[in-house]
Amino acid sequence: MEELKYRGKKREGRHRDTWDPFQLNPIGAEKESKRRCFQLAQYLVAVIVGLAVLTSAVVSKGSLLVLSTMSSPTSLRSPKEKQFYMLMLVFCLVFPNFLMLFKSLWKCAFKSFIQPNMKTLFFVCAIECLVSLGTSVLVLVVMPQFDVLTNLFISGGVCIVSAILQIVFRLQRKTWKIVFPLCSLILTLAGYCLLGVDFYVRVSSYVDRQSPNCFIYVGLGIFSSLLISLCWWENPLQATNRMQEKLSELDGFRDFVFVISSILRIIVIGGVYLIYYVLIDKSIVWADFNMQNDDWLLLQTGLGLLFVQAFCSAACHWFGVVACKIHAVRMSFALPVCCAGPATLLLGLILFITEVDKLKGAQHGSIQEFCESLVHLSQTNTTPVVILEITRSICRTSLNSYYLQWPFSMLALEGVCMWSGFVTCTYYVWKIKVQRIERTSQLFVRRLYESAFIDLSLLLNTKMKVPRARNQESHDDIQECVIYLCATMWHETYDEMLKILTSMFRLDRYRGDPKEEHKDCFDFECHIYVDDAFMTDEDTKKRLVNTYVDDLVDVVIEVYRVFTNKEPDDVSIIETPYGGRLMFVMPEGNMLYVHLKDKGLIRNKKRWSQIMYMYYLLGWKGYIVKNPQKIPRQNNPCRASLISLDGESFLLPQYDNDYKRKLISDENTYILALDGDTDFQPKAVILLIDRLRMYENVGAACGRIHPTGMGPMVWYQKFEYAVGHWLQKTAEHVFGCVLCSPGCFSLFRGSALMDDNVLKRYTTTATRAAEYVQYDQGEDRWLCTLLLQQGWRVEYNAASDAYTNSPQEFKEFYNQRRRWGPSTLANTLDLLHSGGETVKKNSSISRLYIFYQMFSVGSSILGPASVTLMIAGAFQFVFKITGTLSIVIASLPPVFYIIVCFVAKPNNQITIAAIMSVLYAFLMTASLFSIIGDMVIQGTFLTPTGVFLVSMTIMYLVTALLHPEEFVMIVYGLMYFICIPSGYLLLTIYSLVNMHIVTWGTRESTKGREVKKNTNVMCDRNCTICCWDMKCQITQETENLMLQQITGQSAQHAPNSLLTNQETTQQATVNLELQVKPDTNMEETFERAQASPTDKHNKTNRDRDNDTDYSSSDDSTEKKSLSMSAIDDDDDFSLTGVPEETEELHVSDWVKPVKEEFLKKLTYANMRRNLQAQIRYTLRNKNQDDLCEELVLMLTDTLNGELSDVGPEDVLTKSQLEELQYALTERARRIIKTSQLNRLEKRVMRAIEKTLTAPQVQKLDEGEQDFWNKLLERYLKPIVDVKAHQEEVTRELKSLRNKAVFLYFIINVLWVVATFFLQAIGNDVISIKIPKYYPNGTEADDFLKVEPLSLMFLLSFAVLLLMQFMAMLYHRVYTLIHVVSYRSTEKDYKQKDDEEDDDVLIMENHSANGLVITSEDLSH
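A brief structural summary. (Residues numbered from 1 in each chain as written. Predicted model: local features only at pLDDT ≥ 70, side-chain atom pairs only at ≥ 80, totals over all residues. Heavy atoms only, no water.)

1. A closer look at the packing of aromatic side chains
- With the rule as written, the count across this model stands at 41 aromatic pairs.
- For the ring pair F719 and Y956, a centre distance of 6.0 Å and an interplane angle of 70 degrees mean the geometry is edge-to-face. Placement of F719 in helix 25 (residues 712-735) and of Y956 in helix 36 (residues 944-961) is noted, with a sequence separation of 237 residues between them.
- On the numbers, 5.5 Å between centres and 50 degrees between planes, the contact of Y814 with Y990 is tilted. With Y814 in helix 30 (residues 810-833) and Y990 in helix 38 (residues 980-993), this residue pair connects regions lying 176 residues apart in the sequence. Taken individually, Y814 and Y990 each receive the classification buried, so the pair is uniform in this respect. (Phe/Tyr/Trp six-rings, centres within 6.5 Å; stacked < 30°, edge-to-face > 60°. Helix = DSSP H or I, 4+ residues; strand = E, 2+ residues; numbered from the N terminus. Buried < 20%, exposed > 50% of the residue type's maximum accessible area, 1.4 Å probe, protein only.)

2. Some words on the nonpolar core
- In this structure, Y613, I671, Y814, Y897, W1268 and L1276 are the most contacted members of the largest nonpolar core, which totals 129 residues.
- Sorting elements by how many residues they give to this core places helix 22 (residues 606-626) first, with 11 residues.
- In contact with L1276, other than residues within four places in its own chain, are L601, I602, R603, W608, I611, M612 and L1271.
- The next biggest cluster of nonpolar side chains, apart from the first, holds 111 residues, and it includes V139, V203, Y273 and C338. (Core = buried A, V, L, I, M, F, W, Y, C linked by side-chain atoms within 4.5 Å. Contact = heavy atoms within 4.5 Å.)

3. Structural notes on the sheet that holds strand 11 (residues 698-708)
- Strand order across the open sheet formed by 11 strands is 10-13-11-12-9-1-2-7-6-5-19, with mixed pairing between neighbours. Sheet topology places strand 10 (679-680) and strand 19 (1256-1258) at the edges, where each strand pairs with a single neighbour.
- Where strand 11 and strand 13 (residues 793-805) come together, nine bridges link them in parallel fashion. Counted as the bridge partner of P707 is T804 from strand 13.
- Across the sheet, helix 25 lies against strand 11 and strand 13, angled at about 155 degrees from strand 11, the strand it touches most.
- Most of the contacts of helix 43 (residues 1151-1158) go to strand 5 (residues 571-576), to which it runs at about 170 degrees, and overall it touches strand 5, strand 6 (579-585) and strand 19. (Pairing = 2+ DSSP bridges. Axes fitted to C-alpha atoms, helices over the stretch in contact; angles between N-to-C directions.)

4. Overview of the pattern of salt bridges
- Counted according to the given criterion, the structure contains 34 salt bridges.
- Its salt-bridge partner being R704, residue E966 comes within 2.6 Å of it at the nearest N-O pair. Highlighted residues: E966 in the loop between helix 36 and helix 37 (973-978) and R704 in strand 11, separated in sequence by 262 residues. With respect to burial, E966 and R704 carry one shared label: buried.
- When salt bridges that share partners are traced, they join E128, R265, R446 and E450 into one network. (Salt bridge = Lys/Arg side-chain N within 4 Å of Asp/Glu carboxyl O.)

5. As for helix 22
- If you check helix 22, its first and last C-alpha atoms are 29 Å apart, about what 21 residues at 1.5 Å a residue would give, namely 30 Å.
- By the criterion of burial, helix 22 is predominantly enclosed, with 18 of the 21 residues buried. (Expected span 1.5 Å × (residues − 1).)

6. Here's the deal with the pairing of strand 2 (residues 523-530)
- In terms of residue burial, strand 2 counts as a mostly covered element, since eight of its eight residues are buried.
- What you see with strand 2 is no split at all: D523, E525, H527 and Y529 on one side and F524, C526, I528 and V530 on the other are buried throughout.
- Pairing geometry for strand 1 (residues 482-489) and strand 2, over eight bridges, is parallel. Paired with M489 across the bridge in strand 2 is V530.
- As paired strands, strand 2 and strand 7 (residues 591-597) are joined by six bridges and run parallel to one another. Note that in strand 7 the partner of H527 across the bridge is Y593.

This is the structure:
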C-alpha cells in the first residue's frame, strides 16, 4: 500500500506540469537492495562450512590417533590385530599421494604438459622424499611408541622451519610483527624440551615400566618433525623476491613433478614400513594377513577407521578451500582449524569420562589400580575396543606414577607450547584477504595435503602473500577493468528495446552513483548498434531514420525519465561514414552510444555489427590509447553538456574511458555481447567479470539464458533451455569447455578476441557453401570455435541470469532452428576435425573430451531413428501389431516429410510439420503409456526401459530441486516430452533439407521499410525563378505566417509567439531547394527572406543553414550564456564559455527530425520538472535540504512567472531561453547569498545551465572519420553479389544439402534396418537375457529378452546422462560457493557525506594520478 501511495504522489507532482503525467515503469527499474534472506543464508553457509572443517579435522586427527594407539607395541590387542592396524596406518599416509598421483596423471595425459627442468625436478623430489621419510618415521615408528596425548601434541613442532624462514627473510610488513615467528620458534623449542623432561621423569619414576629406549624415539620424533617442516619451504620463499624464476619455472611443470614425487613418496612410506617392521623389529607375520571368517570385527574396525580418516582428511581440505572462497577465512577456516587440536583433546576427555564406566571389571579406586586392572580386560568381548585402548594409552603417562604425578603438568604445558607455536607461526592467516572465487593455487602453495597433520597442513600451506590482481575490495584501484556493453538490434519492438535500455541504466546506477559504495570497481560504456536504421522517403527522396529508430529514441527518453524524473540532458548527434551516432551521458556519468547503420553504407546483420564494434573498441580505441597524441582535444572541456547529473565534472566523458584504458591492459578489457532484447541485472555482469578476472585463460564466459514469452512454443523452449543449461552446458564446463557462448549475453576478453586467427579470421566473407552455413548462420558458435582452437577457455556461470525473448510462433521457431542446427553441427565437426591441434593448444580440452563430443554428435545424428523406433514401440503396444510392421509404419511419416521438404515451399513445409507435430504428440502420449503398460505386464519396473524411464524421471526431479528458483520448469517437461518427435525428427529434417536457405527467417519485418510521407502539405511545386530551378513547399502549419508576410504585416509588430512542438519547422516557411548551385549573394537573399524577425535580431555575423532549427540552437557550440557571464568578475569560470564563431556544420536530412525529438525537453512542462530534479540531485549530498527546497520552490515560481503565457507543450525560442536563464540565475544568486552558502553557487548555476541545454550536432573527429572510412573499405563494405556468383553459391549450397541429407538418411536408415532385422529374426535367436526381478527383490523364473542394439544404445545414453548429472552436481557446488562469495561482497547502498569543497571545481583526470584541474586553470 505504501508503494501505491508513493507512486500516486509522484504522479500528482507530474500532473501539475502536464496533462499527460502517465509513464511506463519498466520491471526492475527500482533500486536494488540486499535481501535479508540472502544475508541469513550467507551466515548459515559460513557456519555450516566452519563446522564441517572443525568436525572433519577432529575426526581425521582422532581416527589417526586411534590407529596409532591400537598398533602400539603396548596395546592390549593381539599381534595379528596390531599388524593389521599398522597396515591401515600405512594406507592412511598413502591415500593422499594416490589422489595427487591420479589428478596429476590426468592433467599430464589430457591437459598441457611441459618438459621439466631436471635440476629443479631433482631438488623438489629430494625435498619430497625427506618429507615423506619424516612423515612415515613419525607416524609409523615413533607415534606407536608414545601415548595418545604425546602423539596429539608432538605434531605441533612441524612449523619450526617455516618460523625460521620467516625470521631470516623478514617477511613481516611491520617490524614488530617479527615477534610472532620468534615466539613460535621459542615455544616449539620449549615444547621439545618439555617432551624430553617428561620422558625422563617417566623413566626415572618407572611409569608403566617405561624403557630407557624411549629417548631414541624422542630424538627420532624431533628429527622427523624437522624433516616434515621442510614440506612448506616454498611458502616463505614465494612471499619474497628470492628464487622467483625457479618457482615460476616450477609452476609450468608442477603436474609432472607431482606425478614423480607422489610415486617417490609412496615408495618411501612403503620402504620405511618394510625396513622397520621386517628387518629391524621383525614383527610382521605374512600369514596373519590371510583373514578368516572370525576376523570380521577386525576388518570392520580397521577398514572403518581407514575410510573415516582418509575421507575426513580430504573433506577437511576441501571445506577449508570453500571457506576461503566464500570470504569466511576467519570464522570458517582459521578458527576451526586452530581449534582442531584442543577440540580433539576435549572430545577425548569427554569420551574417557563418560565411557570409562562401561569398562566392566575395571577397578575404580586409585588411578594406579585402575590402570593395572585394564590388562585383564583385553580378552573380554563386551569391552569397547577403542575406549579400552585410549584409556590404556593414557595410563602410560605420569598420571600412573606411584611416586610423582606433578610431571603430568609438563605434558600439558608441552601441549600448550606446541599449539601456541604453530598458531603464532601462522598468524598471517587471520589477516588474509581473498577475492571472490579465488583460485586454489592462489590460496595454497601445494595441492597435496598431509593427512596425518591435516590442521597444521592447511594453515602452513596457506600462502603468506596471496598473489592478487588489484584488490577489488579497495576503492584505491578504480581502474581495474573496462567493459563495453555492445547490443546489436535488428527490428526489435518497443517492449524489447525497453528491456535492454532498462538493464543498461540499472548498471549505470549500480556503478556510478557517488552516494553508494561498492567493491566491484569497473568502468563501462554502452553501445547499441542498430541494423537497417534508415529508409528513403519516396516523395522527397531524403534519407531518414525509420520507425525502429524512432521507437528507440522514445525508449531512451522514457527510461531516462523513469530513472531521473527528467529528460536527457546531454545529447549529441553525429554523422558518421556508416550512418549516424547518438551520444548520451547517462544519469551517473557513464556513456551511451547508439550507432545507426545504413545498409547502403555498411554491411548489416549481427556478425558484421560484431566486427564493427570489435574493431572500433579494441582496434581503434586500443590504438589511440597506445598513442595518446591521437586522442581528440576539445577547445571547450568544461561545457555544460559534459557535466554529469550528479554535479561532478568529468573531462570529456566520451573520451574518459579512453584515458582510463592507458592503465588497463587488453587482458582487462572486456566486451559484453548483448542482443537488443536482453534483460539482466548488474549482479549477472559482475559474476561473469569474476570468471575472466580470476582466470587468465578464460576468453569468454556466458550466463544462464532464460527464454521469455507466452504460448506452447515458449513452454517447450523453457524446458529445453533449462535442460541444456542444467546438464549439457555444465558438463561441457566441467569436462572441457563450453562450445557456444551465446551472443545474447556473453562476456569476452579483449586480448582473446585480438588473438591470432580470431578476430581477423572472423572477418572472413563467406564464399563457399560450407562457409555460409558455419560463418553466417551461427556466428556466436563460430567465434567460440575460433577461441577454443587458439587455446582460450569458454566457461558457463549458472548464477548469471539473463532473459531474452524467444520465438512464440511455430514458423519463427523452425526458422531459427533451421539456422542453428546446421551451424552447430558444422562448428562441432570443425572442432572435432582439428581436435589434435586443439588439444595441444587448449589445456582445458582433452582427448577424452573430444571423445565425449563425438559421442554426443553421434547421439544427435541418431536422434531421428531413435524417435522413429520409440514411435514404433508405441504402435506395437497400443495396436498389438508385430515389431517389424510397427517399424515400417513408424518410418512412413519421416519419409513422407522428407519428400514434402524437397518439393514444397518452406512455408508449406512448416505448416505440414505443425500438423504432424500435433499427431505425433498423441503418439508420444501413447508411447509413454506403452512403456508404463509394459512394466505392468512384466510385473516389474526393473526392465531396461523401465529402469531408464524411472531413473531419468528421478534425475530430472533432483536436478530441478537443486535449481530451486527454476523448479517450475519441470512442469514444462511434459510439453517437451510430447514434442520430442517435432524437435528431434521433423525439425532435423526441415533444417537439413533447407540448409541451402541462408536468410535468417526471424524478425523479417517490413515496418522499418515504411517511408515517411509529408503530411499537411499545401503546396509542393517545382518552379523557375530568374532562370533558377526551385522547389517550393508550403505546409499547413505555416499558413498564418505566410498570410502575414503576403499582406506585408511587419514582423516587428507581430506578437512574440512561441514555437510549439508541431511548429518547430516554421523557420523553414518556404523551403527553397536549389536544383542548380546559386551564387553566394542569391543564397544570402533567400536566407534573409526565410529568417524570422527574432532570428534577424539575434544574428551576429553568423550564417545559418536552411535545414537547421532556430529554437533548438543547432550549433550549440556557438551558444553564449548571458546568465553565466553575469557572475562576478573575480570568477571568470564559465561552463559555456565557447568561441562565438565556429564553422557551420552541414548535416544530413535525418539529423533534423531526430534533433526535434530531443528538443521536447525545452517545453514548459518538461523544463519545470527538469529544473526541480536538477536542483535536488545537485544538492543531494550537501546536507542543505532547507536550501534545496527553497531553491526548488522559488525557481519554480520564477519559471512560472516568466512562462505564464506558454502552453505545457510549447518549445521555447532561443531568446526566451536566454531571458529565462538570466532570471533563474539572478534569483538563485540572491537566495544563495541570503543563505550565506556561496560555495554552492556554481553547483546551482550548472543545474540551471543543464536544464536549458539543447541537443547538439557535432562533427566526427578527423582521425576517427579516417578509421571508419578505411574499416568500411577493408572489411564492411556492402556486399554486392553478381548474379553468376549467387547462382554458383546456390548450386553449392544445394549440393552440400544433398550430401548432408544423404549422410543423415543413410546412418539413420542403417540403425532402423538393423533393428528391423533383429525384430524379424526374433528375440529367441538373437537377444540378451537379463534376469527378471520383482520390486520386492525376488527373482522371476523367466528372463527379459532385449535386443543387443537397443540395449547398447540405451546404456550409452544412460551413461551420457549420468556423466552430465555428476557434472551438474559438481558445478552446483561451485556455483553456490560463487553466489555466497558474491553476496558477502555485494554492493551495499549507504549514504555518505560529500566533503568536496565547492570553492574549487575539481575535474577528474584518471590518466594522471594526483593531477587536479581547477577553475583557475580553465579560466586562462
